[in-house]
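If you want the building blocks of each chain, they are given just below.
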Amino acid sequence: MTPAIPQLHQLWQTLCKELQPKRLMPSLTIGLTTGVLGVLFDLSFAALIFSGSLSAYLSAGVGLVLVSAAITRVMVALMSALPFMVADLGTVPTAILAWSAGMVVKQLPPTATSTEILITVIATIALTSVLTGLLLFAIGLLRLGNWVQLLPEPVVGGFVASTGWLLAQGSFKLMMEQPLSFKLLPLLNQPEHFVQWVPGLLLALYLLMATHRRLHPLVIPGSLLVAIALFYLGLPLMGTSATQAIAQGLTLGVPQFETTWQLLSWHDLSQIHWGVIASQWMCSATVMATTAITLMMNVQGMALMTGQDLDTNRELKVAGVVNLLMGLGGGILSFHSMNKSLLAYKMGGRSRLATLVGAAVFVLLPMLAAPLLTYFPKPILGGLLLYLGLSLLLEWVYRAWSTLSKLDYGIVQSIWLVSGMFGFLQGLALGWGWAVVLLCLRGDRWQRVKSDA
C-alpha cells in the first residue's frame, strides 16, 4: 500500500466526521460567509483585469477567476497542513497581472482578432501561474524558504505601494471607464458623475476606518450589503431606475456570467502572440518574487496567530503544485490567504469542510444568482479596489515613516512615485536596481538568512 492511500483514507474519515449535524451547521455557516466574501472580492479583481479595452470579455474573466479560485481552495484545503487554510487571489500579484494584461492588449497588432486578444491575455496570466508555481515548488523542495527574505524590505514595500497606486487607478477605471489621472479631475467635479465614484470613495473610506480597529470579522461583508442597499435606495432620489443604471454603466450589466472555464487547447497555442507576452518578463518576475514573499509571510502569520507549527517549505510546495496545474489549464495565480484563513479561524472554523463549502459557493453563487450579479453596482466593486489600494498606500507611505529608517523610507517612496509619474515598468526597474545595490551594501543579510536556513 502506497503512503498516499492511508493519508487519503484518514482524510475521508475526517470529512465523514464533519458531516455529523453538530459539526455540519457551523461548517456550512463559515463556508457560506467566507465563500460569499471571497466571490465579492474576486469579482472586483475580475472587473479590474477585464476592464477598459478588455471589458467585452468580462463574462469569460469572471469564469476564469471564480473557477480558478474554487479549484485552488479545494486543492489547498486538502493538501495544506492547516485544515482551515483558505486560498485566494493575491492582491499585489493580481493588480500587477491586471496592468500587464492591459499592456498586452496595447502591444497587440491592430489586426489581432477578438479570439487572439483573449487567448493571449489568458496565456499571459497562465504562464505567470506556471512559472510562479515552479518557483514556489523549487523553493519548498530545496527547503530554501528563508532565502526569500533576501529581497530587501524597502524594495518589497516599494512594489506594494506601487500596487496600491495601481489599484487606486484601477478602481476609477472600473467606475469611470478611465484611470485616475489629472485628465479625469474635471469629470469628477461634475455632479452628474458623482453617482459613479462618490459611493465607491465613501465605502473605501468607511472600510479603512472600520478595519483600523479589531472589529467583528463580519464587518466587511455586512458593510458591503449595507452599501449595496444604500446604492439602490439612492437611485430613485436621483430619478434613476435599476434598468437605467444598467444602461448607464453603473452595474456590471453582463447578461450571462460564465461559471466554467475551458482549458487552453493545442489549437489555442497558434493564436497566442508570444512576442508580446515575452515583453512582460519584468512584471512576471515581480509577481513571482512578491508571491513567494507574501506566501511565506502568510504562512508564518497563520502559525503565529493560531499557535500551530507550520512547515513553510511544505506550504510552498503545495502552492507550487496547485499553481503549476492551474496554469497549465489557463488558470490565474492563487495561494494561501492569511486574511481569509484568519476570518474562518475567528468564526470557529477548524475543519476542511468549511473551506470546501466556501469553494462550492464560487461556482454555485454565479449559477444560481447570475441575474443578481448583473445588477451588482460598479461603485461598490470600485470601492473595494480603492479600499485595498489605499490600505497598501497607507501602510507604506504613512505608517512606514515611523517603522523604517530614513534611507529605507526614501527608497520605498522613490519606487512608487516613479511608478506613478513615469510608468509601472520604470518603477519596477528602479526597484530591482535598488535590490541589487542594497544586497551588495548589506552583506550581513546573506549571513543572517543562511544561519536561519
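Residues numbered from 1 in each chain as written. Predicted model: local features only at pLDDT ≥ 70, side-chain atom pairs only at ≥ 80, totals over all residues. Heavy atoms only, no water.

1. Side note on helix α5 (residues 114–141)
How we decide: Secondary structure elements are taken from DSSP: a helix is a run of H or I of four residues or more, a strand is a run of E of two residues or more, and numbering for both begins at the N terminus. Each helix should span, by expectation, one fewer than its residue count multiplied by 1.5 Å.
Here α5 contains 28 residues, and its C-alpha end-to-end distance of 40 Å stays within 8% of the 40 Å for a straight helix at 1.5 Å per residue. Following α5 by one or two positions, R143 has its phi on the positive side, about 55°.

2. Structural notes on the nonpolar core
Formally: For this analysis, a nonpolar core means a set of buried residues of the types Ala, Val, Leu, Ile, Met, Phe, Trp, Tyr and Cys, connected via side-chain atoms within 4.5 Å. Burial here depends on accessible area, computed with a 1.4 Å probe over protein chains only, as a share of the maximum for the residue type. Under 20% is buried, over 50% is exposed, and the range in between is partly exposed. Here, residues are in contact when the closest pair of their heavy atoms is within 4.5 Å.
By size, the foremost hydrophobic cluster in this structure holds 119 residues, and its most contacted members are F50, L54, F172, I220 and L224. In terms of residues, this core owes the most to one element, helix α6 (residues 153–176), which gives 12 residues. Discounting residues that sit within four places of it in the chain, F172 has contacts with E177, Q178, P179, L180, L184, L188, W197 and L386. The next biggest cluster of nonpolar side chains, apart from the first, holds 5 residues, and it includes V195, F231, L235 and L250.

3. Re a nonpolar patch on the surface
For clarity, the cut-off: Think of a patch as exposed residues, more than 30% relative accessible area, with no salt bridge, where like charges cluster within 9 Å and nonpolar side chains (Val, Leu, Ile, Met, Phe, Trp, Tyr) cluster within 5 Å. Note that accessible areas follow from Shrake-Rupley with a 1.4 Å probe, and for residues the cover is restricted to the protein chains shown. Should a side-chain nitrogen of Lys or Arg be within 4 Å of a carboxyl oxygen of Asp or Glu, the pair is scored as a salt bridge.
A cluster of nonpolar side chains, L127, L131, L134, W266, L269 and W274, forms an exposed patch at the surface whose accessible area comes to about 630 Å². Broken down by secondary-structure element, the contributors of at least two residues to the nonpolar patch are α5 and α11 (266–269). Take the nonpolar patch: its biggest share by element is 3 residues, from α5. Relative to the helices and strands, W274 is located in helix α12 (residues 274–278). The partly exposed category is assigned to W274, whose relative accessible area is 45%.

4. Details of the environment of T243
Mapping T243 onto the fold places it in helix α10 (residues 242–247). For T243, a relative accessible area of 57% puts it in the exposed group. Here the alpha-carbon distance between T243 and G253, two residues 10 residues apart in the chain, equals 9.5 Å.

5. What to know about helix α4 (residues 91–107)
Under the 1.5 Å per step criterion, the end-to-end length of α4 is 25 Å for 17 residues, consistent within 8% with the ideal 24 Å. For α4, a buried count of 13 out of 17 residues is recorded, marking the element as mostly surrounded by other parts of the structure.

6. Points about the pattern of salt bridges
Within this structure, the stated rule accounts for 5 salt bridges. The salt bridge partner of K340 is D88, with a shortest N-O separation of 3.7 Å. Of this pair, K340 sits in helix α15 (residues 338–346) while D88 sits in strand β1 (residues 87–88); the two residues are 252 residues apart in sequence, bridging distant segments of the chain. In the salt-bridge network here, residues are joined through shared partners; they are R73, D88 and K340.

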